[in-house]
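Structural description and commentary
Chain by chain, the residues:
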Amino acid sequence: MEWEAALLLETRFLEVPLNYDGTQLAPHWVYRTSGIQGNAVVAFTGEADVSLDHLVDLEDVQKKAPIYSPEMLHFIGEWFIDSLDQGILLQHLFTSVAYELLWEGGTQSLSRRGNDLFFKERKLSVSVATKSSVSVLMHTALNIRSEGTPIPTSSLSEMGVDPKAFAHGVLKRFQSDSAIWAKARVKVSPR
């Protein structure tokens, strides 16, 4: 159907590792990196080293808390919508999908607080949504390894989770959920 092409979200796992420094949270980065035009979420692995200059979360800037991890599973999403509120809801739903898949995979001692995931009370993820001049952007990442992080953290390797398989699962489920949401919008009559 024509509406499906206009509303569907594209996803892709980028096979080449990339380091994340915060500059990737920019309009059209997904298109420039993957060739995907339109609403998309891409995943990749690589170090995270975000200085205060590139932090989007102003609370982290105030706390002087840069982000570092030797290896993370990164997800960058871009939606060509105007509402930051909708972007934050998409971020929340994305985090919920990651949480569900870990829980369904048998991970014990897992918790979610807002858009953050914790394993054994140590932080597993980072997540932020922001607005650009043309879109809403999201970066969510989960530690693959956690040595050298500035705060107590946990990791996918500690949990015995394969990052690539997990990434594919998250992307597939979020893409499927997005199709359901798109269809729900066009299948109802107005009141």
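Refer to the structure printed above.
Our subject in this report is the structure included herewith. (Residues numbered from 1 in each chain as written. Predicted model: local features only at pLDDT ≥ 70, side-chain atom pairs only at ≥ 80, totals over all residues. Heavy atoms only, no water.)

**A word on the packing of aromatic side chains**
All told, the structure shown has six aromatic pairs when counted by the stated rule. A ring pair is formed by Trp 79 and Phe 174, whose centres lie 6.3 Å apart and whose planes are at 70°; its orientation type is edge-to-face. Placement of Trp 79 in strand β3 (residues 67-79) and of Phe 174 in helix α6 (residues 163-186) is noted, with a sequence separation of 95 residues between them. The class of Phe 174 is buried, set by a relative accessible area of 1%. Between the aromatic rings of Tyr 99 and Trp 103, the centroid separation amounts to 6.2 Å while the plane-to-plane angle is 20°, which identifies the pairing as stacked. Residue Tyr 99 and its partner Trp 103 are located together in helix α4 (residues 84-104), separated by four residues, close to a single helical turn. For Trp 103, a relative accessible area of 45% translates into the label partly exposed. By way of ring pairs, the aromatic residues Phe 75, Trp 79, Phe 94, Phe 174 and Trp 181 are connected into one cluster. Sitting over the ring of Phe 118, Arg 113 keeps its end group 3.9 Å from the ring centre. (Phe/Tyr/Trp six-rings, centres within 6.5 Å; stacked < 30°, edge-to-face > 60°. Helix = DSSP H or I, 4+ residues; strand = E, 2+ residues; numbered from the N terminus. Buried < 20%, exposed > 50% of the residue type's maximum accessible area, 1.4 Å probe, protein only. Lys NZ or Arg CZ within 6 Å of the ring centre and 35° of its normal.)

**Observations concerning unusual backbone geometry**
Although it is not a glycine, Ser 109 adopts a positive phi angle of roughly 60°. Mapped onto the elements, Ser 109 comes out in the loop between α4 and β4 (110-113). Residue Ser 109 is classed as partly exposed on the basis of its relative accessible area of 43%. We note that Glu 121 has phi near 65°; this positive angle belongs to a residue other than glycine. Residue classification places Glu 121 among the exposed positions, given a relative accessible area of 57%.

**Topic: the side chain of Ser 69**
Looking at the secondary structure, you find Ser 69 in strand β3. From its side chain, Ser 69 meets the backbone oxygen of Arg 145 in a polar contact 3.2 Å long. When sequence neighbours within four positions are dropped, the list of residues in contact with Ser 69 reads Glu 47, Ala 48, Asn 143, Arg 145 and Thr 149. (Polar contact = N/O pair within 3.5 Å; in protein donor to acceptor, adjacent residues only side chain to side chain. Contact = heavy atoms within 4.5 Å.)

**Structural notes on the sheet that holds β3**
If you trace the five strands from one edge of the open sheet to the other, you get β1-β2-β3-β8-β7, paired in mixed fashion. The open sheet terminates on both sides in strands that have one partner only, identified here as β1 (10-13) and β7 (125-131). Across this sheet, the average inter-strand angle for adjacent strands is 30°, counted without regard to direction. Of the pairings in the sheet, the one linking β1 to strand β2 (residues 40-50) comprises four bridges and is parallel in character. (Pairing = 2+ DSSP bridges. Axes fitted to C-alpha atoms, helices over the stretch in contact; angles between N-to-C directions.)

**Looking at the nonpolar core**
Side chains that are nonpolar tend, in soluble globular proteins, to be buried together. Formed by 28 residues in total, the largest nonpolar core has its most connected members in Leu 73, Phe 75, Leu 102 and Phe 166. The set of elements that each furnish at least two residues to this core consists of β2, β3, α4, β5 (116-119), β8 (136-145), α5 (156-159) and α6. Ranked by residues supplied to this core, first place goes to α4 with six residues. Apart from the residues lying within four places of it in its own chain, the contact partners of Leu 102 are Thr 107, Leu 110, Leu 117, Leu 124, Leu 142, Leu 156, Met 159, Val 161 and Phe 166. Membership of the second largest hydrophobic core comes to 13 residues, among which are Leu 14, Val 30, Val 50 and Ile 76. (Core = buried A, V, L, I, M, F, W, Y, C linked by side-chain atoms within 4.5 Å.)

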